[in-house]
There are 4 protein chains.
Amino acid sequence: MKSIGVSLSEQYLAVRKQSVDICQPLEIEDYQVQPMTDASPPKWHLAHVTWFFETFILKSFVPGYRPFERSYEVLFNSYYNGVGNQFPRSRRGTLSRPTVSEVLHYREHVDASMLALLDSDASDEVVFKITLGLHHEQQHQELLFTDLKYNFGNNPLAPSYNGCQILPGGHSEPLAFSGYQGGVYQIGVDAGNEFAFDNESPRHDVLVRDFALADRLVTNGEFLEFIMDDGYSRPELWLSDAWTLRQTLGEDAWTHPLYWRLQGDGYEEYTLSGLQTMNPDQPVCHVSAYEADAYARWKGMRLPTEMEWEVAVQKQEKTGNFAENGYCHPIPATGPGMNELYGNLWEWTQSSYAPYPGFKPFPGQLGEYNGKFMANQLVLRGGSCVTPQSHIRPSYRNFFYAGDRWQFSGIRLAHDQD
Amino acid sequence: MKSIGVSLSEQYLAVRKQSVDICQPLEIEDYQVQPMTDASPPKWHLAHVTWFFETFILKSFVPGYRPFERSYEVLFNSYYNGVGNQFPRSRRGTLSRPTVSEVLHYREHVDASMLALLDSDASDEVVFKITLGLHHEQQHQELLFTDLKYNFGNNPLAPSYNGCQILPGGHSEPLAFSGYQGGVYQIGVDAGNEFAFDNESPRHDVLVRDFALADRLVTNGEFLEFIMDDGYSRPELWLSDAWTLRQTLGEDAWTHPLYWRLQGDGYEEYTLSGLQTMNPDQPVCHVSAYEADAYARWKGMRLPTEMEWEVAVQKQEKTGNFAENGYCHPIPATGPGMNELYGNLWEWTQSSYAPYPGFKPFPGQLGEYNGKFMANQLVLRGGSCVTPQSHIRPSYRNFFYAGDRWQFSGIRLAHDQD
Amino acid sequence: MKSIGVSLSEQYLAVRKQSVDICQPLEIEDYQVQPMTDASPPKWHLAHVTWFFETFILKSFVPGYRPFERSYEVLFNSYYNGVGNQFPRSRRGTLSRPTVSEVLHYREHVDASMLALLDSDASDEVVFKITLGLHHEQQHQELLFTDLKYNFGNNPLAPSYNGCQILPGGHSEPLAFSGYQGGVYQIGVDAGNEFAFDNESPRHDVLVRDFALADRLVTNGEFLEFIMDDGYSRPELWLSDAWTLRQTLGEDAWTHPLYWRLQGDGYEEYTLSGLQTMNPDQPVCHVSAYEADAYARWKGMRLPTEMEWEVAVQKQEKTGNFAENGYCHPIPATGPGMNELYGNLWEWTQSSYAPYPGFKPFPGQLGEYNGKFMANQLVLRGGSCVTPQSHIRPSYRNFFYAGDRWQFSGIRLAHDQD
Amino acid sequence: MKSIGVSLSEQYLAVRKQSVDICQPLEIEDYQVQPMTDASPPKWHLAHVTWFFETFILKSFVPGYRPFERSYEVLFNSYYNGVGNQFPRSRRGTLSRPTVSEVLHYREHVDASMLALLDSDASDEVVFKITLGLHHEQQHQELLFTDLKYNFGNNPLAPSYNGCQILPGGHSEPLAFSGYQGGVYQIGVDAGNEFAFDNESPRHDVLVRDFALADRLVTNGEFLEFIMDDGYSRPELWLSDAWTLRQTLGEDAWTHPLYWRLQGDGYEEYTLSGLQTMNPDQPVCHVSAYEADAYARWKGMRLPTEMEWEVAVQKQEKTGNFAENGYCHPIPATGPGMNELYGNLWEWTQSSYAPYPGFKPFPGQLGEYNGKFMANQLVLRGGSCVTPQSHIRPSYRNFFYAGDRWQFSGIRLAHDQD
């Protein structure tokens, strides 16, 4: 694979630059805050992805490499127990130092070392780990958007990120369903030439029954009907854990999607460009799996399984509303046929995040990347409007807890086909 | 189904009597305590199963039936939002009234009404709901044991329940594995003549790969090796949520199964007959799925899926160490071949508790019985030493959270067959 | 003091019997529950006061005395770190064993040993410690009532204790104030012939300004006016910590005294004889110092200091509505002049519970009895309707946290005299 | 008082400039963080003190004044319920906007309006409220230091504030005590020409017994002896609430003053100039009242009352190590006689923060300034090394919870004089 060396350097530079570019519209203050444990400060993201290259590549493959700063080994370790201790996640927003400028300096230092390494060593292992590091950084590019949105969206001033394109108009077509034939299908991928995470392997047979999938995501307007029908306060629509959560939250119990705000008689929605009047044609976003499940039950339907989704997507081209569009928001599905399997919003499935039969984690410390999270979470599929297009694949498995709402997540309905 | 009427009365009386018999060795004080939210007081169990018959049968099918006591409608409703409000679960142990004697009086009142109903109305719906009520009461008979054990096992006096038979001796044979051929199998049952819960339906095809199953449960002695190898403190063996739990628990972090107590150089184990020296030949019990998973990973293996378990059990007779033995504790597997798929201990699977394809909850308020719990829990299979034998089936799906330890739960290893 | 020996035995027997008599109307279940951490089970009280005699007297003064049961040394230690570990207070209600019967047996065993000791050794130290133990037991006799009331009063069935006398009628006279001359007064007592707790010593001078004291407690009817004037929701009336508590409690924020229940247009009040229509002539009870302070501010007045209270009480006879009346509830003040300084309800003062100048705790382990609580609490004075009359003194200082409501506590207004 | 107008403008400008000057060495990131609820971000302090002038002065006295930004009315309201809602204190550190630059713009806007007002209206009420606003801003100048120290001191990088002078050397003299004659003294001040907070009034008589006061603060070296004698783990030395806190904190239980760090065999101490080797001659600082009380008990002494402190200080000049020195840290007491009553460190007293007899809060919304905190806190006296000298008075009462450690607080011993 040595011939890939040159182009990998270019990829490396492009992906690394993209992270900094995303932050370009920010004020220094915006790099710093962590409004909930899940939403890390942008400064931390910029440093952590750098730590990843330093820890897993420079320390292993550059003889005599000395870490840029000893304390960063703990401060910017996310969850790799095999590497060492971690600064508590919930306190990332309490560190005013290192400054943004110091973090950018850290990035430059690591980039210089990485480029020197790429010139001298393009072994398969180095190439693989760098490629992994770039996919890792792309994941954090998406998190930069979700975490910034949480920061801005919870600020009474509702500031704009000032980095998004103007949203296109367009009306959603009436919802229709496409039927799929049951049978034995193959899903997942085998490790090989194309990069994939360990959790997508191995490729294996699954048995699927006849099913139907909605040809677009549920819209704000459709979700509003659920709200108007008291959907949020009818226990028969909700999973038990969701109803318990509702009672735990008390006055803060959910009554609408995360970024909606009741305003007079109607709703506004916070977007990365600021508050807008809630647009009924846009896909409903920032809903938890609990809300998606309750909505589906209210409709007499269900969420798809991840197997069904992957079966359906095999007929699709990988096009859609990805980060490259710069909208930072889902847009209405305007075309006929199956829409938006890719991009726009991550689609909650009813499938718990579990190992595929024969799953093997990445070797060594990188085995903690995905495998240890295979409990209590659900799979989401397809990428979103803030996912880089080059990052997504048919077999790509994203995963979050059923109650999480700050990702760009939406609802696709499914039902059995009798 | 009218001909079943007579025998259903007998069944009814037998099951109802069994609940009271289980409590016979108790002191009045023992009926009252709730040492954790999950472990309800025996008094509450005795009343709640009675409430079930009153609420779902007497109120619907006996014209003019008046509830025994209005406040019981809330006090003894467990989780049926469709029926009405519930007294908070965490506070069940704070109610000194009604007394045990009043609860027994409540049982007698409802029993008399039920028997009168059975004489006059044996419609299919009544028969079904009574049968459901009896299976429901059998579930709570098992919970009487698990909750009492939690009560006694957390009391420094370590009292004996005084109702168990003397445990048999016996040595565990060395662990061996049985291989199973992959392919398409049928699991689950269709609603029909034989009673089953809604979550076991419909019967459907599943695709299973070649696999091997340990021919007995993991023993205390084998689990001790894991402990001695620092298994509890090596993060690479644990799921992320388990490791987070460990850190949350601080000084109370797990270092052994729930009822073990470090005593000098060795361990004692609390059983319902009191403290005993930990017996290395007995199956290890009262471990969470997290511990089961960590143990399996340490062995280079994994937990079975519920599909694999049900495939394997199809060749087995329904015999084993059930509640009828009166041991209240798992016993060593002494025979050759596949042991203990039934009885002894519930076996953690790696399968999340999810709806089978085509799942339909019971109609009406009883739809809350099982369906709403299909999130964040794992399936356990096979029943335990405190499960009534008549209660279990090959398709029976029990479910608890991965961190739960107070059930009679154990570990069966599995691995892929290459 | 040897001549007191005989009469001390009689006192001992009388006080010990009184504890058991208070529990006589209870069902076994009532001995067991602990509906909040502060409210211990009656069974625990009966055992703890016994542990007190065993620990501080029998172990020290009876050669070769062996504890009745080793585990009780931890189970029934309340807070004496100098003695050893304590079973967690919050879990007292989770111990179904020892049973009530076993606890009564423990009492008999200790009583027999104590009486034997009294026959053989009536040294000053023994006499003092027994006297202390009896005052200690009287404190717990009051707690038996307060904790039982919390148990019953939080049970939806609102059971009656069945041990109280029928309340007398009577109308409260209009509120009037008595003026007191400022100057230097003496309060407290010096250790000596009359028993007193260490926290009442030494007797010392205090400087008091002219002040006026209400001649009776605030009534339910007067407190209702505060409620109707939105007193509970006007922040300007409340101390900051009280307002913060209100926000922490959310939906459970206080809107009336602890045992009132909104019923239709009016209020009911739980008493130890069950629910009654709220009686506007009775003193308002089970209010916190925060509520007392807010009420006083609403009236443009303040709470008395403990110095003012003790100055005022010096002119009073020790008569009032004490436990001996058997009402278990405060009664209207019907006479002219200063009423109820003694009995009826403990009166919140604005004085923090602090050491008197020159304060010396009891020597040894008993030094933990009072001294270590001298932070963050307020002093209450005068005793209540469930305090034994022989237990109270002018110098008696009770103390609770400003937010506590489950004691029989009420409000006496004061104001400056200009 | 009109003639003060000119000089009040000068004072206004000087105090306002001082706040900005304190922040001059900071990076933008440092303005933003809130490492615990108590420690607000510098940006918030700069805005809140400005909000104070806008809310209580400009809105009342400048006809037609329009708030700089509507949302600031909530964002920068600290605790004035009478003014309106408050953004939750615990979330101040989650607001990346307004930026530092916008907050400075807000300051300029308000300053311009204030100076215009001072030119046109110097009524007594305006003068009083501006003076109050300036004292308020001085309080927040001290909090800027304490909160920054908490931020930096909890950062593993232990950054320096870079704004402090080099500490002087010097050895502490052996501890000696000065005796004071008991009697009736006057403390407090009456509202009048000299500014004072409402909580210092009225001037009134207090009765004090003979007492002795240590002539300097307890040093690090002396406090180390307490640590070496297992002071932190001996329950007999601690108040009950402190010991409970210790058990709640578990592994985080205190084992040394807040900013000490165990380093090899010895201790380092974080100062605003970074980590230094713990200097045994410096006064021990950042201890809670619980630690101060335990230390005093270990010495067989006690903390002074606030009355004793104010009696003692009446003989002293107001000199000491104040903010003007720029040390940002306490320095050794080197002189003979009574040292450091002023400056260096706030001195914990054993006096709860309570209203003086005849206390009247400031009228109107400003009544919330001090009065509502008169519960559950203790008084500290004398000012510290980060208190502006012009801010302190003999009658000045500072107040914090007994468990608070992040203020510049220290220990002065006292004992009775027999």
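**Some words on the relation of the copies chain A and chain D**
Rotating chain A by 180 degrees about the axis while translating it 0.0 Å along that axis superimposes it on chain D, leaving an RMSD of 0.0 Å. Classification of the inter-copy transformation places it as that of a two-fold axis. In terms of C-alpha distance to the rotation axis, chain A has Glu 29 of chain A as its closest residue, with the C-alpha 3.0 Å off the axis. When the interface residues of chain A are mapped onto chain D, 100% of them are again interface residues, pointing to one common binding face.

**Digging into the packing of aromatic side chains**
Taken as a whole and judged by the stated rule, the model has 152 aromatic pairs over all chains. Relative to Trp 298 of chain C, the ring of Tyr 295 of chain C has its centre 5.6 Å away and its plane inclined at 45 degrees; by these criteria the two rings are tilted. Here the residue Tyr 295 of chain C and the residue Trp 298 of chain C both occupy positions in helix α8 (residues 289–298), the gap between them amounting to three residues, near one helical turn. Directly above the aromatic system of Tyr 356 of chain B lies the positively charged group of Arg 397 of chain B, at a separation of 3.9 Å from the ring centroid.

**Describing the interface of chain A and chain D**
Across the boundary between the two partners, chain A contributes 30 residues, which contact 30 residues of chain D. A combined buried area of about 2300 Å² lies between chain A and chain D, and 60% of that area is made up of carbon and sulfur atoms. For chain A, the biggest contributors to the area lost against chain D are Glu 29, Arg 97 and Leu 157 of chain A; these three give 29% of the whole. Run the count over chain A and chain D and you get two salt bridges. For Asp 30 of chain D, the salt bridge goes to Arg 97 of chain A, with nearest N and O atoms at 2.6 Å. Applying the counting criterion to the chain A and chain D interface returns twelve residue pairs in polar contact (both at pLDDT 80 or more). Counting only elements with at least two residues in the side of chain A that touches chain D, the list comes to α4 (100–120) and α5 (124–153) of chain A. Broken down by class, the residue content of the side of chain A that touches chain D amounts to twelve nonpolar, eleven polar and seven charged.

**Let's talk about the pattern of salt bridges**
Scanning the model with the defined rule gives 88 salt bridges over all chains in all. Among the ionic pairs, Arg 302 of chain C bridges to Glu 308 of chain C, the shortest N-O distance being 2.9 Å. Of the two residues examined, Arg 302 of chain C and Glu 308 of chain C, each falls in the buried class. Among the charged side chains, a network of salt bridges with common partners joins Arg 16, Arg 107, Asp 111 and Glu 137 of chain A.

**Regarding the packing of helix α6 (residues 220–228) of chain A against helix α8 (residues 289–298) of chain A**
All names here are of chain A. Direction vectors running N to C along α6 and α8 enclose 80 degrees, while the axes themselves pass 11 Å from each other. What the angle tells us is that α6 and α8 run roughly perpendicular. Between α6, through Glu 222, Phe 223, Glu 225 and Phe 226, and α8, the contact on the second element is made entirely by Glu 291, Ala 294, Tyr 295 and Trp 298. Of the residues contributing to the contact of α6 with α8, the split by class is five nonpolar, no polar and three charged.

**Brief notes about the relation of the copies chain C and chain B**
You can overlay chain C on chain B at an RMSD of 0.0 Å; the transform is a turn of 180 degrees with a shift of 0.0 Å along its axis. Most of the interface of chain C is mirrored in chain B, where 100% of its interface residues are also at the interface.

**Some points on the sheet that holds strand β12 (residues 414–416) of chain A**
All names here are of chain A. Within the open sheet, the three strands sit side by side as β1-β4-β12. Their pairing is antiparallel. Both edges of this open sheet fall to β1 (177–180) and β12, since each of them pairs with a single strand only. The average angle at which neighbouring strand axes cross in this sheet is 25 degrees, direction not considered. Bridge count for strand β4 (residues 211–214) against β12 is three bridges, and the pairing is antiparallel.

**With respect to a nonpolar patch on the surface**
A surface patch of nonpolar side chains, amounting to about 290 Å² of accessible area, comprises Val 184 and Leu 207 of chain A together with Val 184 and Leu 207 of chain B. Within the secondary structure, Val 184 of chain B is located in strand β2 (residues 183–187).

**Describing the confidence of the model for chain A**
All names here are of chain A. Across chain A, the average pLDDT comes to 95, with 99% of residues at 70 or higher. Across residues 1–6 the pLDDT falls below 50, and counting only partners more than four positions away or on other chains, this stretch makes three contacts in the model. Taken together, the chains of this predicted complex give a pTM of 0.96 and an interface ipTM of 0.95.

**Quick look at the sheet that holds strand β6 (residues 266–271) of chain D**
All names here are of chain D. Overall, antiparallel pairing links the three strands, which are arranged β5-β6-β7 in an open sheet. The open sheet has two edge strands with one neighbour each: β5 (260–263) and β7 (274–277). Direction aside, the axes of adjacent strands within the sheet are offset by 35 degrees on average. Where β6 lies against β7, four bridges are found, and the strand directions are antiparallel. Within β7, the residue paired with Glu 268 across the bridge is Thr 277.

Procedures and definitions
- By convention here, each chain's residues receive numbers from 1 onward along its written sequence.
- As a convention, the first chain written is A and the first ligand written is 1, with the rest following in written order.
- Predicted model: local features are reported for residues with pLDDT of at least 70 only, side-chain atom pairs are reported and counted for 80 or more only, and whole-chain, interface and lining totals are derived from all residues.
- By convention in this description, side-chain values take in all heavy atoms of the structure and omit both hydrogens and water.
- Copies are brought into register by a least-squares superposition over C-alpha atoms of residues with pLDDT of at least 70 in both.
- Residue contacts are counted whenever heavy atoms from the two residues lie within 4.5 Å of one another.
- Classification of ring pairs rests on two measures: the distance between centres of Phe, Tyr or Trp rings, Trp counted by its six-membered ring, which must be within 6.5 Å, and the angle between planes, read as stacked under 30 degrees, edge-to-face over 60 and tilted in between.
- Helix and strand assignments come from DSSP, with helices taken as H or I runs of at least 4 residues and strands as E runs of at least 2, each series counted from the N terminus.
- The criterion is that NZ of a Lys, or CZ of an Arg, lies within 6 Å of the ring centre and within 35 degrees of the ring normal, and then a charge sits over that ring.
- By definition, the buried area sums, over both parts, the 1.4 Å-probe accessible area that each loses when the two are put together.
- The salt bridge definition used is simple: a Lys or Arg side-chain nitrogen within 4 Å of an Asp or Glu carboxyl oxygen.
- Contacts described as polar in this section are N or O atom pairs within 3.5 Å, which, within protein, must combine one atom able to donate a hydrogen with one able to accept it, while residues neighboring in sequence count only if both atoms come from side chains.
- Amino acids are sorted into nonpolar (Ala, Val, Leu, Ile, Met, Phe, Trp, Tyr, Cys and Pro), charged (Asp, Glu, Lys and Arg) and polar (every other residue, Gly among them).
- Classification of residues uses two cut-offs on accessible area relative to the type maximum, computed with a 1.4 Å probe and protein chains only: under 20% is buried, over 50% is exposed, and between them is partly exposed.
- Axes here mean lines fitted to C-alpha atoms, for a helix over just the part in contact, with angles spanning 0 to 180 degrees between N-to-C directions.
- Note on angle classes: values under 35 degrees are labelled roughly parallel, values over 145 roughly antiparallel, values of 65 to 115 roughly perpendicular, and the remainder oblique.
- By definition, two strands form a pair when at least two bridges between them are found by DSSP.
- Surface patches are defined over residues having more than 30% relative accessible area and no salt bridge, joining like charges when they lie within 9 Å and nonpolar side chains (Val, Leu, Ile, Met, Phe, Trp, Tyr) when within 5 Å.
- Note on areas: Shrake-Rupley with a 1.4 Å probe; residue coverage comes only from the protein chains shown.
- Known as pLDDT, the predictor's per-residue confidence is scaled from 0 to 100.

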